[in-house]
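# Inside the fold
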Amino acid sequence: MSVDLSQFIPSFLEESFEGLELMESSLLNLEQGDDETINSIFRAAHSIKGGAGTFGFEHVTEFTHLVETLLDEMRDGRREIQPNDVELLLVSVDCMRMMIEAIRDEGDYEQSKIDDTYKLLEIALNQNNDTSTPTESPDDSKDKQSSNATWIIEFIPEHHLVQTGNDPILLFNALADLGEVTANANCKELPAITDIDPEELYLSWELTLKSSWATEQDIKEVFEWVEDECQLIIRQDSKLAQDGEVKQEVEQQREEVSTVATSFEENKTPSIDVNEADKEPASAKSSKAKSEGGSIRVGVDKVDSLINLVGELVITQSMLSELGNDFNISKLERLTSGLEQLLQNTKELQESVMRIRMLPISFAFNRFPRLIHDLSKKTGKDIELVLKGEQTELDKTVMEQISDPLVHLVRNAVDHGIEPSDVRVANGKPKKGTIILDAYHQGGSIVIEIRDDGGGINREAVYRKAVEKGIIDESTTLSDSQVFELIFEPGFSTAKEISDISGRGVGMDVVKRNIQALGGRIQVESEPNVGSTFRVNLPLTLAILDGQLVRVGNETYIIPLITIVESLQVKPELINRVSGDMVLYRLREDNVPVIPIFKLFSLSAEHESVENSLLVVVEAEGLKVGLMVDDLLAQQQVVIKSLKDNYHDVDGISGATILGDGSVAMILDVPGIIQMAIGRKMQIGVRQMMSSIEGVEA
Amino acid sequence: MTKILVVDDSNSIRDMVSFTLKGAGYETVEAKDGKEGLNTAQTGTFDLVISDVNMPNMDGITLCQELRKLPAFKFTPILMLTTESSGDMKMRGKSAGATGWLVKPFNPEKLLATIKRVVP
Amino acid sequence: MDIQTLAAEIPDADQTVIEEIDFISNGKQFLMFNLGKELYAVDILCVEEIRSWEEPTKIPNAPSYVKGVINIRGLIVPIIDFRLKFDVCAAEYIDSTVVMVLTIETDEATKTMGFVVDAVSDVIDVQDDDIRADAGFVGSIPQENVQGLVNVNERVVTLLNVPALQHVDV
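The shown structure was predicted, so the numbers you read here are calculated from the model rather than taken from an experiment. (Residues numbered from 1 in each chain as written. Chains lettered and ligands numbered in written order. Predicted model: local features only at pLDDT ≥ 70, side-chain atom pairs only at ≥ 80, totals over all residues.)

## What about the overall build of chain B?
When helices and strands are tallied, chain B shows five helices and five strands. Taken from N to C terminus, the helices and strands of chain B fall in the order β-α-β-α-β-α-β-α-β-α. In chain B, buried positions account for 57% of the 120 residues. Relative to all contacts within chain B whose residues are 6 or more apart in sequence, the contacts with residues 24 or more apart total 58%. (Helix = DSSP H or I, 4+ residues; strand = E, 2+ residues; numbered from the N terminus. Buried ≥ 20, exposed ≤ 12 C-beta atoms within 10 Å, placed from the backbone. Contact = placed C-beta atoms within 7 Å.)

In structure tokens:
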């Protein structure tokens, strides 16, 4: 029988990644004598090795074996837990991850790194004088020398053999797979009937095996599990050549044994058909488990709650259809309450389904302890990482896509935020810097904060740099927050020289773009000598959006709630017209450029002058703008549909949705609209204008 | 039908062993560690127990010792899944009452062939 | 008419079957539609459904022939007015105006789009041999969108090349 195991490879890979994560986080917290932690690391390595071997990933098995041996020595106390070893194990975890990722992506990996680490592991193991590498599984390649021979096997089991669950009959059956078997029982030791202990075995056997191919090793293997509990003498006898009727004899034996060991269950004939011709190990190549797409493991509770909800939905549905059978006006109240219930069911069902895609953010946070560990070493800065709100859930896709921007922000905090120890001490701060990663829900979105207690953003340096790079004009006056926003401008980097840590060619502008691509936004706050906070605001999911429905002319548009700062009725005295077409609206301290949507989208609107319309103030690209609309309608959750499937992308529109009445409504792409309205190059101009106005009025 | 209890903390190994056994016509019940295995064992009768050695909560050796204390498992074959084929591991298994061991990595054919030594 | 003559007129069972197979493998069915006074046709296998005209949701700054999008069973489907796109005739939206929803399948992607036409009429059977190359004169419809011409009675019908319509919205 051929069993194709490749279908289990994705689950093996998933499990391996979890195991590697556990190894990594445990290694980072490893302390002397912490047996349980060491044990769990060992177990993870052990499982990976076992799985890899089973699926034929020899390179992983071989490598992991060394890791496991090292861990085993630590576990047994034969080896002290030294920082060097922990470091080596961390690097080994990286190597294993690299190899397993290569399996997943059917890609290549850096063989030289594996080889180097492998050597280091070997050296480390040899240092520990009495290292005895556990012997690998016995070579099961059969010595196929044809020897058409008759074997005589004397099998004298100890009396307690059956107490370990072994059954001589089954052993003989297995032996019969090698050739023809004849068995002769010896009852010499059988005591008087009154002295028989039903749990003991008193018989011994002389077996004859006729086989054209079996070797002594094959025979020994059958008795492998009982070799310590019996006398086993195997010898070859070419003279003996009986035509034994194996089955019959074995049947006879069976009866005999049954009477001796009374608790044996009724034996059934085994029906296992092993196809010898098909012994190829399960090939791994057919597996396709790319990092995207993948599967989600869902807790049983989530599935159960879904099933419950579907149950309720079915009840509501049958209630409603019964009501519809002979409806009259007197049943109106029941219909209303039925529909109410349907609404409730649908809502809960939707939430439940969305929750399936939700994972705790700890999946994204998990990599940071290691990152901080490595960065601390590299920079020589002493840094403590605090993780908060790790159980906050967000959509799997959002999580996957926010991971890299977060890494960049944390690198940035280490590199530019936290000062070197001596500077910190000189400034009266604790020697050890702290970086806090905090996640929490706020309304329909998730907020991730990266806080450091470092030196804060150097306002002067940022300003000078921006002038130098031509991003702003020297005469420009900017508020603190406007200056901080400059670090997100393309081509901006305050590091004096590109450092190995955060200057890897990706700037904060990329971070910001990625976050915006997810429909989120990023803000920064900073105070000299106290530290900086980067606040990332993200939608909980990409599939559903909390929207404000607005009307412009005859069209209904949806503005993502996450971008909305406030909505207001225009007060004519707060309108400023500047440089021709541009309209600014005074909103407390800010001057907000007004964007007439009808004009931008070439529509006609009910109110085409600012004075009579409503403004929805939104924020994106670090700018606040007021969108001119005719009316504010409901707020509701909408399912996002792509326009691209059957059409193509449209400027200023991020997608469409289907409203309750079946009609389509467009979702506004706020950053896109701002770009359309003022153009990329004009942005800074507007900023300057805004600040100069501020300057004049202040 | 021959009923087999499979105890392993690794999902993929457990799935795979189960899959192989089911494919060969055995009935299987799974448990994710020794503790769960022991609890599950008490809910019915089994013709064979296959257990990993290294597991959280309760390891395979302890599971084996505990099972042997139960009357229903006095003679039940218990096979340990191990990557270590060292004599030491076998001795520990034997002294705990294990029937035999399966050395990982195993292939499905080998698994089916070897368990024939202990289950009908 | 005696029984003999009748029998002679009934075709052989075998023959009929062969003719049927012949017909299916060589010919195709096309759905004919009107743009103003002109006749066009598309492969009927590409036609998803025919809907009556309803005002779609406008797409900002779209060209005049892109009328907007509608919801067809949860799909967002763009509506293109053939008459405006191909500049065939004036575009009126009256009760008889219909939208022909086509599935446009190419190697790149499968798109669903709706096309506004004045009316749909008959289904015609077209043998491959009947299709003539474009007469060579340059009409208002780009060459790549035309599969060929076919004569139906005394009228000439332009067969549209459906896969080539996939970029008709730009």
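Once the structure has been displayed, the description carries forward.
## Digging into the packing of helix 2 (residues 34-41) of chain B against helix 3 (residues 60-69) of chain B
All names here are of chain B. Two numbers describe how helix 2 lies on helix 3: the axes approach to 9 Å, and their chain directions differ by 20°. The orientation of helix 2 relative to helix 3 falls into the category roughly parallel. As for how helix 2 packs across helix 3, the hand of that crossing is right-handed. When helix 2 is examined against helix 3, the residues Gly-34, Gly-37, Leu-38 and Ala-41 are found in contact with a partner set consisting of Gly-60, Thr-62, Leu-63, Glu-66 and Leu-67. For the contact of helix 2 with helix 3, the per-class residue count stands at four nonpolar, four polar and one charged. (Axes fitted to C-alpha atoms, helices over the stretch in contact; angles between N-to-C directions. Parallel < 35°, antiparallel > 145°, perpendicular 65-115°, else oblique. Left-handed = near helix turned anticlockwise from the far one by under 90°. Nonpolar A, V, L, I, M, F, W, Y, C, P; charged D, E, K, R; others polar.)

## Let's talk about the interface of chain A and chain C
Taken residue by residue, the interface counts 20 residues in chain A and 18 residues in chain C. Among the elements of the structure, strand 21 (653-658) and strand 22 (664-668) of chain A are those that each provide at least two residues to the side of chain A that touches chain C. For the side of chain A that touches chain C, the residue count by class is 10 nonpolar, six polar and four charged.

## Points about the UniProt feature "modified residue: 4-aspartylphosphate" (unreviewed entry) in chain B
Residues and elements named next belong to chain B. UniProt records the feature "modified residue: 4-aspartylphosphate" (unreviewed entry) at Asp-52, using the numbering of this structure. Its place among the elements puts Asp-52 in strand 3 (residues 48-52). Once residues lying within four places of it in the same chain are set aside, the contact partners of Asp-52 are Val-7, Asp-8, Asp-9, Gly-60 and Leu-81. (UniProt positions renumbered as here; feature names shortened; annotations may be inferred.)

## Description of the nonpolar core
Grouped together as the largest cluster of nonpolar side chains are 74 residues, with contacts concentrated most on Ile-559, Leu-627 and Leu-668 of chain A together with Ala-41, Val-69 and Phe-115 of chain C. Aside from chain neighbours lying at most four places away, what touches Val-69 of chain C is Tyr-647, Ala-656 and Val-664 of chain A together with Pro-56, Thr-57, Ile-59, Ile-76, Val-77, Pro-78 and Ile-79 of chain C. Among the nonpolar cores identified, the runner-up in size contains 71 residues, and Ala-44 and Met-99 of chain A together with Ile-115 and Val-119 of chain B belong to it. (Core = buried A, V, L, I, M, F, W, Y, C linked by C-beta atoms within 7 Å.)

## Digging into the pairing of strand 6 (residues 98-105) of chain C
Residue and element names in this part refer to chain C. Across five bridges, strand 3 (residues 47-52) lies against strand 6 in antiparallel orientation. For Glu-49, the partnering residue across the bridge sits in strand 6 and is Val-101. The pairing of strand 6 with strand 7 (residues 110-117) spans eight bridges and is antiparallel. By the bridge assignment, Ile-104 is partnered in strand 7 with Lys-111. Counted between consecutive antiparallel strands, the loop separating strand 6 from strand 7 contains four residues. (Pairing = 2+ DSSP bridges.)

## Side note on helix 2 (residues 35-55) of chain A
Given a rise of 1.5 Å per residue, 21 residues ought to cover 30 Å, and the 30 Å separating the end C-alpha atoms of helix 2 of chain A matches this to within 8%. Counting buried residues in helix 2 of chain A gives 16 out of 21 residues, a clear majority hidden from the surface. (Expected span 1.5 Å × (residues − 1).)

## So, the sheet that holds strand 16 (residues 582-587) of chain A
All names here are of chain A. What the six strands build is an open sheet, ordered 14-18-19-17-16-15; its pairing is mixed. If you trace the sheet from one side to the other, it starts and ends with strand 14 (564-569) and strand 15 (575-578), each paired once. In this sheet, adjacent strand axes meet at a mean angle of 35° when their direction is disregarded.

## What to know about the sheet that holds strand 9 (residues 445-452) of chain A
Residue and element names in this part refer to chain A. If you walk across this open sheet you meet the five strands as 6-8-9-11-10, and the pairing is mixed. If you trace the sheet from one side to the other, it starts and ends with strand 6 (383-388) and strand 10 (521-527), each paired once. Across the sheet, the axes of successive neighbouring strands diverge by a mean angle of 15°, strand direction being ignored. Sheet analysis places strand 10 next to strand 11 (residues 531-539), joined by seven bridges and oriented antiparallel. Along strand 11, the bridge assignment pairs Val-524 with Phe-534. The sheet strands contacting helix 12 (residues 368-379) are strand 6 and strand 8 (433-442), and the helix crosses strand 6 at an angle near 170°.

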